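So you can see what is in the structure, the chains are spelled out below.
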Amino acid sequence: GAVVSQHPSRVICKSGTSVKIECRSLDFQATTMFWYRQFPKQSLMLMATSNEGSKATYEQGVEKDKFLINHASLTLSTLTVTSAHPEDSSFYICSATSRGRATDMQYFGPGTRLTVL
Amino acid sequence: AQSVTQPDIHITVSEGASLELRCNYSYGATPYLFWYVQSPGQGLQLLLKYFSGDTLVQGIKGFEAEFKRSQSSFNLRKPSVHWSDAAEYFCAVAPPDQGGKLIFGQGTELSVKP
């Protein structure tokens, strides 16, 4: 099956710094990637939808200037948490799909654990 | 508003016993329906999905789910639970007209006792 990787798997940073998380589709071209965040013992909340070559679409309540998403190629999307604060500590998960349709398989990455001190 | 409800936050079953995890959705039309499993600190693995057709869907690891339109439900079942099934289970819906985005339920944590 298709594989999606995330890097890093775990990151600890100081408050005020920026952190970049990469999401890669390893063996298929992903026109659409999704970014979710998950707090402990809670569900996944969609943050944004990223389409290759265009601006990301953010869900209501998600600050686009804080969570910068770039989808520069068909195999790579990045999420940058700018000026991170402790409340941004969370598990960030990306997923990728080949065509961005509801019937397409959505492949999930293993997640990135962000801890902001 | 679109929503997915998993009424049971935590369920404990004995190994070998049957399992049913509940999922109800609220959406104007029938969305596409999914069940995912997540082990601690891991990403999600798709167990099964329903798009159309036969309302009883077979998935991996011996799981099945039944879509009931009249009840807006998509409950997950397994006849005999194994200790390795202990994990977090998420029901999700994909509205057909929203580019593949998924709306997840709150999740049900499954514990299996020997």
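So, a few notes on the structure that sits alongside this text. (Residues numbered from 1 in each chain as written. Chains lettered and ligands numbered in written order. Predicted model: local features only at pLDDT ≥ 70, side-chain atom pairs only at ≥ 80, totals over all residues. Heavy atoms only, no water.)

Now for the state of the cysteines. What the rule picks out here adds up to 2 disulfides over all chains. In this model, Cys23(A) is linked to Cys94(A) through a disulfide, with the two sulfur atoms separated by 2.0 Å. Negative torsions about the S-S bond denote left-handed disulfides, and the value of about 80° found for Cys23(A) with Cys94(A) makes this one right-handed. Taken together, the residues span a long stretch of sequence, with Cys23(A) in strand E3 (residues 19–25) and Cys94(A) in strand E9 (residues 90–97) at a distance of 71 residues. For the pair formed by Cys23(A) and Cys94(A), the shared burial category is buried. A sulfur-sulfur separation of 1.9 Å characterises the disulfide bridge that pairs Cys23(B) with Cys91(B). Between Cys23(B) and Cys91(B) the disulfide shows an S-S torsion of about -65°. By sign, it is left-handed. (Disulfide = S-S within 2.5 Å. Helix = DSSP H or I, 4+ residues; strand = E, 2+ residues; numbered from the N terminus. Buried < 20%, exposed > 50% of the residue type's maximum accessible area, 1.4 Å probe, protein only.)

Let us now look at the pairing of strand E10 (residues 87–94) of chain B. Residue and element names in this part refer to chain B. A large share of E10 lies buried, amounting to 8 of its 8 residues. Judged from the 7 bridges that link them, strand E5 (residues 32–38) and E10 form a sheet pairing that is antiparallel. When the sheet's bridge partners are listed, tyrosine 36 is paired in E10 with phenylalanine 90. Relative to strand E12 (residues 108–113), E10 runs antiparallel, the two being bridged by 3 bridges. When the bridges of E12 are listed, alanine 87 appears paired with leucine 110. As paired elements, E10 and strand E11 (residues 103–104) share 2 bridges and run antiparallel to each other. If you follow valine 93 over to E11, its bridge partner there is isoleucine 103. (Pairing = 2+ DSSP bridges.)

Taken together, the contact between chain A and chain B spans 21 residues of the former and 23 residues of the latter. Taken over both partners, the interface formed by chain A and chain B buries close to 1600 Å², and the fraction arising from carbon and sulfur atoms is 59%. A salt bridge links Glu59(A) to Lys101(B); the nearest nitrogen and oxygen atoms lie 3.0 Å apart. Across the contact surface, chain A and chain B share 6 residue pairs in polar contact (both at pLDDT 80 or more). Secondary structure elements with two or more residues in the side of chain A that touches chain B: strand E4 (32–38), strand E5 (44–51) and E9 of chain A. Residues of the side of chain A that touches chain B, tallied by class, amount to 10 nonpolar, 7 polar and 4 charged. (Contact = heavy atoms within 4.5 Å. Buried area = accessible area lost by both parts, 1.4 Å probe. Salt bridge = Lys/Arg side-chain N within 4 Å of Asp/Glu carboxyl O. Polar contact = N/O pair within 3.5 Å; in protein donor to acceptor, adjacent residues only side chain to side chain. Nonpolar A, V, L, I, M, F, W, Y, C, P; charged D, E, K, R; others polar.)

Let's shift gears to the side chain of Asn75(B). Residue and element names in this part refer to chain B. Inspection of the secondary structure assignment puts asparagine 75 in strand E9 (residues 73–78). Here asparagine 75 falls in the buried class, since its relative accessible area comes to 15%. Within polar-contact distance, the side chain of asparagine 75 engages the side chain of glutamate 20 at 3.4 Å. For asparagine 75, the contacting residues outside a window of four places in its chain are Glu20, Leu21, Arg22, Cys23, Trp35, Glu64, Ala65 and Glu66.

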